[in-house]
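Each chain, written out:
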Amino acid sequence: MARLPIDERLEEIVRTVRAGRDVVIAAPPGSGKTTRVPAALLDAVEGGVVVLEPRRVAARMAARRVAEERGGRVGDEVGYSVRFESAVGARSRLVFQTEGTFLRRLLDDPAVEGTSVVVFDEFHERSLDAELLLGMLREVKETLRDDLRLVLMSATFDAAGIAAGLGAERVEAEGRPYPVEIEYAPRRKDERLEDAVARAVAREVERAGSAAARGVLVFLPGVGEIERARRTLEPLLAGRGVDVLPLHGELPAAAQDAAVRGGGRPRVVLATNVAETSLTLDGVACVVDSGEARVLRRRPGELVDALRVEPISRASADQRAGRAGRQGPGRCVRLFAESAYRGLPAALEPEVLRVDLTAAVLTLRAWGVRDPASFPWLTPPPPGALESAGELLGRLGAVDADGAVTAVGRRLAALPVHPRLARMLDEARRVGAGEDAAVVAALAAARRVRRRVDPTVARSDLLVLLDLFHRARAARFDRGTVERLGLDARAVRGVDREARQLARLLGRGPGGGATDEALLRCVAAGFPDRVARRREPGSARALTAAGFEVELDPASAVRDEELFVAIDAVAVGRGRPARVRRASGVDPEWLEELFPAAVASVDETVWNDARGRAEGRRRRTFGALVLDERPLPLLDPERAAALLADAATHPRRLAGLREQRLAGLLARLDCLRRARPELEVPTFDDDDLREVVRAACAGLSSLDALERAPLEEHLRARLGPDVGSRLDRLVPKTWTVPSGRKVPIVYREGQPPVVAARLQEWFGTAESPRVADGRVALVLDLLAPNGR
Ligand code: ADP
Ligand code: MG
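As the structure is a prediction and not an experimental result, all values here were calculated from the model.

Trainee: Talk me through the sheet that holds strand 17 (residues 531-534); I want residue IDs and the actual numbers.
Mentor: Ordered in space as 21-19-18-17-20-22, the 6 strands form an open sheet in which the pairing is mixed. In this open sheet, the two strands that pair with only one neighbour each are strand 21 (578-580) and strand 22 (583-585). Adjacent strand axes in the sheet meet at a mean angle of 40°, parallel and antiparallel pairs treated alike. Relative to strand 20 (residues 563-566), strand 17 is paired through 3 bridges, and the arrangement is antiparallel. The partner of Arg533 across the bridge, within strand 20, is Leu563.

Below you can see the structure in the form of structure tokens.
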């Protein structure tokens, strides 16, 4: 075995651990941390050693390398366990695991039975799961396992603070790197990345000549870019005896080994940032850096965090360049300008600041943490992130009102997917919706599966996608077929892979043959906060249960469903509703079954303006949404009267009542007030009238009934008996003419009262008729015998 820098420190590390201390190790990539430290610990402790890796590919490769160095095979003494894949045998004592896998195990087995040391590899990455695990394991040490040892390994030297915080011993192994000459060869505007890469690599191969077996390591953001670069590069290097080898997590093991080791011939390795610190390639004398990486970021409104291509940090660029100076002086060609380098952020922020925290909060709740804010975070999460995660978990039914995890929540925490997807799968398992549900869940989580959208109408965009997917799968994802269907070839294969893995999680249920109904129900289970109801039939605008507005994109096939879930709801601009490209129809009954605690049934008395009356009704709500309502017999007479009074005293109606029902009486009062100011007859403003109408509404529930109610009597009741009797005596409603007939007196506010009678009826009247103790003369409206 080759000597590595870390070898000189192994004895010290082992001694420290045996003495009962934790250790923080900082040493540059390639020092031997991953391959040498765990093996040395294994020989020094009784129980097992678990090594946590942020990446699957690192876990697999480390297990293979260490097993090989110890002369064994993976699955015997040394094993690995990553999401959806495990090679751990009964005799395995050293297990490389991804952090997420270990996290779920810890929930089941908080005492980490049989494990003596947990090693955090690549701790400088500050992954969310590693930060969670560190806090959780420190608690385990304090309560259940004071013999458990933690070892943190980092490729950067900012470990001092962490070591101090843990009370751990610090071990550093300085690398003695060779100088690396940096050249800036910025990508030209409009130059494709693969062309820039090919240009730089061809030049480097040229420089190196055939003399040395110099390796060139190219950093690219992802698999797509690697494939395009390979296709561009291979013809350029044909016949020059140079191997072009991709290196990323999706490759088979043999291909990964080939890239890491090389075959003795000069090689160009096209790698993602797994080669930045996780995997070390020997014989690299030149690095070509695209300056880009795929970074996991929370995308509000989308189902799962998305990997997005971004410029790397300065720390990352330095690490990448450093890969060229490990075994001799090297070169690094950066495909960006020096000014761009200086403008880069110093370092990528810890994952906890970038990603959705729903799964993390669920883990903490399942761990028994009531208040995630009080968890000893190394990096405190952004404000609001814990609250919104807790809120979604509450809606999903994973935690109860007190924040304690529920039975559903425990099942969701055990599934290695976002709690939304977990809820969908949990529901699928419950109803035996089987494989199709796994495909639908994978489709819901995937982005840009369709390149072209043909207009159609369906209950759910996911059903449309499912149909297309089945057709593509039936054709074995044949390129032509996939294109004809308007699908994205790589996305669709990704969905296929993901769906198979999800189906395995579901176990062998009755499987297959799920009805559309059952599938859509499973979908609804994952989106309780995004249930939306159209503003009106046919409208693209809808209101969600969480109370915000969304708008269906014309690309969505969901046209008729009144109630649907927004699979995605992406903000398009300030003050504009979020845009929903994919939706899925919902039946209110499912909500009642899936989220019984969130459906409220309220019996209430309400005003029906169209019918002009108060009515009883039963209304079912889901968050801010009304699911349905049906009429009931009148429930609450007092409330009904109050509602009627509100409607009747609305300014327009009040004016109507004044004109049509009370004008005469009010004018008589006015007349009396003017004639006998000393009586202090009260005036009636709108507020007084409102009181009168309110009093008249007592015991009533409709405008019709109010129409028949004695409004004048209510007004008079407010006058009191004195004013009432004076009014009748002094400002009578009628005048008796000599013939004995009672002729109505017409009072109008601000005008003298008028009495109309035929001329001959006034014969015998000596003086002009007066009212109000003779103070107000009536105007006689004399009619001809024909009454005109
Ligand atoms: P560190 O974890 O400190 O970055 P590693 O333990 O991964 O370092 O690697 C130490 C050395 O072992 C490096 O020189 C690397 O090239 C070599 N090495 C590690 N894994 C493999 C492998 N699978 N095949 C060949 N060489 C390997
Ligand atoms: Mg390592």
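Trainee: Describe the site of ligand 1, naming the residues involved and giving the relevant values.
Mentor: The local shell around ligand 1 holds 15 residues, among which Gly30, Lys33, Thr34, Thr35 and Asp282 are the closest. Note that an oxygen atom of ligand 1 is positioned 2.7 Å from one of the backbone N or O atoms of Gly30. Residue Asp282 places a side-chain N or O atom 2.9 Å away from an oxygen atom belonging to ligand 1. Here ligand 1 loses 92% of its free accessible area of 560 Å² to cover by the protein chains. Using a 2 Å cut-off from the grid points, one finds that ligand 1 occupies the second largest pocket. Of all the secondary-structure elements, those providing two or more residues to the shell around ligand 1 are helix 2 (33-44) and helix 9 (253-261). Examining the composition of the shell around ligand 1, we find that 3 residues originate from one element, helix 2, more than from any other. Residue composition of the shell around ligand 1, grouped by class: 4 nonpolar, 6 polar and 5 charged.

Trainee: Describe the side chain of Glu427, and please don't skip the residues or the numbers.
Mentor: Within the secondary structure layout, Glu427 lies in helix 16 (residues 419-431). Non-local contacts of Glu427, meaning those with residues more than four positions away in its chain, are made with Arg521, Cys522, Ala525 and Leu594.

Trainee: Can you tell me about the packing of aromatic side chains, naming the residues and giving the values?
Mentor: One pass over the structure, following the stated rule, counts 6 aromatic pairs. When the centroid spacing of 6.4 Å and the interplanar angle of 50° are considered together, the rings of Tyr184 and Tyr341 count as tilted. Within this pair, whereas Tyr184 is found in strand 9 (residues 180-184), its partner Tyr341 is found in helix 12 (residues 338-343), the two being separated by 157 residues in sequence. For Tyr184, a relative accessible area of 23% corresponds to the partly exposed category.

Trainee: Kindly report on a positive patch on the surface, identifying the contributing residues and their values.
Mentor: Taken together, the side chains of Arg231, Arg479, Arg490 and Arg493 present a region of like positive charge at the surface. As for its position among the elements, Arg493 is in helix 20 (residues 489-506).

Trainee: Give me helix 24 (residues 651-675): which residues, what numbers.
Mentor: With 25 residues, helix 24 should cover 36 Å at 1.5 Å per step; its first-to-last C-alpha distance of 30 Å lies more than 12% under that length. Of all the bends in helix 24, the largest measures some 80° and sits at Leu662.

Trainee: Can you tell me about the pairing of strand 3 (residues 78-82), naming the residues and giving the values?
Mentor: Burial analysis of strand 3 places 5 of its 5 residues in the buried class, which makes it a mostly covered element. Residues Val78, Tyr80 and Val82 of strand 3 are buried on one face, and the alternating residues Gly79 and Ser81, pointing to the opposite face, are buried as well. As judged from the 4 bridges shared by strand 3 and strand 5 (residues 94-98), these two strands associate in the parallel manner. Within the sheet, the bridge partner assigned to Gly79 lies in strand 5 and is Val95. When strand 3 meets strand 4 (residues 85-87), the two strands line up antiparallel, connected through 3 bridges. Bridging across to strand 4, Val82 finds its partner in Glu85.

Trainee: Let's hear about helix 20: which residues, and what values?
Mentor: Helix length check: helix 20 (18 residues) gives 26 Å between terminal C-alpha atoms against 26 Å at 1.5 Å per residue, within 8%. Turning to helix 20, its buried residues are Ala491, Val492, Val495, Asp496, Ala499, Gln501, Leu502, Ala503 and Leu506. Against the buried residues of helix 20 lie helix 3 (56-69), helix 16, helix 17 (434-445) and helix 18 (461-474). Backbone nitrogen of Arg490 and a side-chain oxygen of the N-cap are separated by 3.2 Å at the start of helix 20; the cap is Asp488.

Trainee: Could you give an account of the pairing of strand 19 (residues 549-552), with specific residues and numbers?
Mentor: Side-chain alternation along strand 19 places Val550 and Leu552 on a buried face and Glu549 and Glu551 on a face that remains uncovered. Hairpin connection between strand 18 (residues 541-544) and strand 19: a loop of 4 residues separates the two successive antiparallel strands, and Gly547 in this loop has a positive phi of roughly 95°. Of the pairings in the sheet, the one linking strand 19 to strand 21 comprises 3 bridges and is parallel in character. Counted as the bridge partner of Glu551 is Arg579 from strand 21.

Trainee: Kindly report on the nonpolar core, identifying the contributing residues and their values.
Mentor: In this structure, Phe120, Leu132, Leu137, Leu152, Leu357 and Leu591 are the most contacted members of the largest nonpolar core, which totals 110 residues. Top element by residues in this core is helix 17. It accounts for 9 residues. If we ignore the near neighbours within four places in the chain, the residues touching Leu357 are Leu128, Val352, Pro381, Ala385, Leu386 and Ala389. If you look at the next biggest cluster of nonpolar residues, it comprises 44 residues, including Ala645, Cys671, Ala696 and Leu711.

Trainee: Account for unusual backbone geometry, with residues named and values stated.
Mentor: Note: most peptide bonds trans; most residues except glycine with negative phi. The backbone of Phe84 shows a phi angle near 70°, a positive value even though the residue is not glycine. With respect to the helices, strands and loops of the structure, Phe84 is situated in the loop between strand 3 and strand 4. Residue class for Phe84 comes out buried when judged on its relative accessible area of 16%. Phi is positive for Glu680, which is not a glycine, with a value near 55°. As for its placement among the helices and strands, Glu680 is situated in the loop between helix 24 and helix 25 (686-697).

Trainee: Account for the sheet that holds strand 11 (residues 243-247), naming residues and giving values.
Mentor: Taken in spatial order, the 6 strands line up as 9-16-13-10-12-11 in an open sheet, and their pairing is parallel. The open sheet terminates on both sides in strands that have one partner only, identified here as strand 9 and strand 11. When the angles between neighbouring strand axes are averaged without regard to direction, this sheet yields 20°. Lying over the sheet, helix 9 contacts strand 11 and strand 12 (267-271), oriented at roughly 120° with respect to strand 11.

Rules behind the numbers
Residues numbered from 1 in each chain as written. Chains lettered and ligands numbered in written order. Predicted model: local features only at pLDDT ≥ 70, side-chain atom pairs only at ≥ 80, totals over all residues. Heavy atoms only, no water. Pairing = 2+ DSSP bridges. Helix = DSSP H or I, 4+ residues; strand = E, 2+ residues; numbered from the N terminus. Axes fitted to C-alpha atoms, helices over the stretch in contact; angles between N-to-C directions. Near = heavy atom within 4 Å. Polar contact = N/O pair within 3.5 Å; in protein donor to acceptor, adjacent residues only side chain to side chain. Areas by Shrake-Rupley, 256 points an atom, 1.4 Å probe, with all protein chains shown as cover. 1 Å grid on protein atoms, 1.4 Å probe; cavity = no way out; pocket = protein on both sides within 12 Å on 5 of 7 lines; lining within 4 Å. Sits in = over half its atoms within 2 Å of the grid points. Nonpolar A, V, L, I, M, F, W, Y, C, P; charged D, E, K, R; others polar. Contact = heavy atoms within 4.5 Å. Phe/Tyr/Trp six-rings, centres within 6.5 Å; stacked < 30°, edge-to-face > 60°. Buried < 20%, exposed > 50% of the residue type's maximum accessible area, 1.4 Å probe, protein only. Patch = residues over 30% accessible without salt bridge, like charges linked within 9 Å, V, L, I, M, F, W, Y side chains within 5 Å. Salt bridge = Lys/Arg side-chain N within 4 Å of Asp/Glu carboxyl O. Lys, Arg positive; Asp, Glu negative; His and termini not counted. Charge placed at Lys NZ, Arg CZ, Asp CG, Glu CD. Expected span 1.5 Å × (residues − 1). Bend = angle between axes of the 7 residues up to and from the residue. Core = buried A, V, L, I, M, F, W, Y, C linked by side-chain atoms within 4.5 Å.

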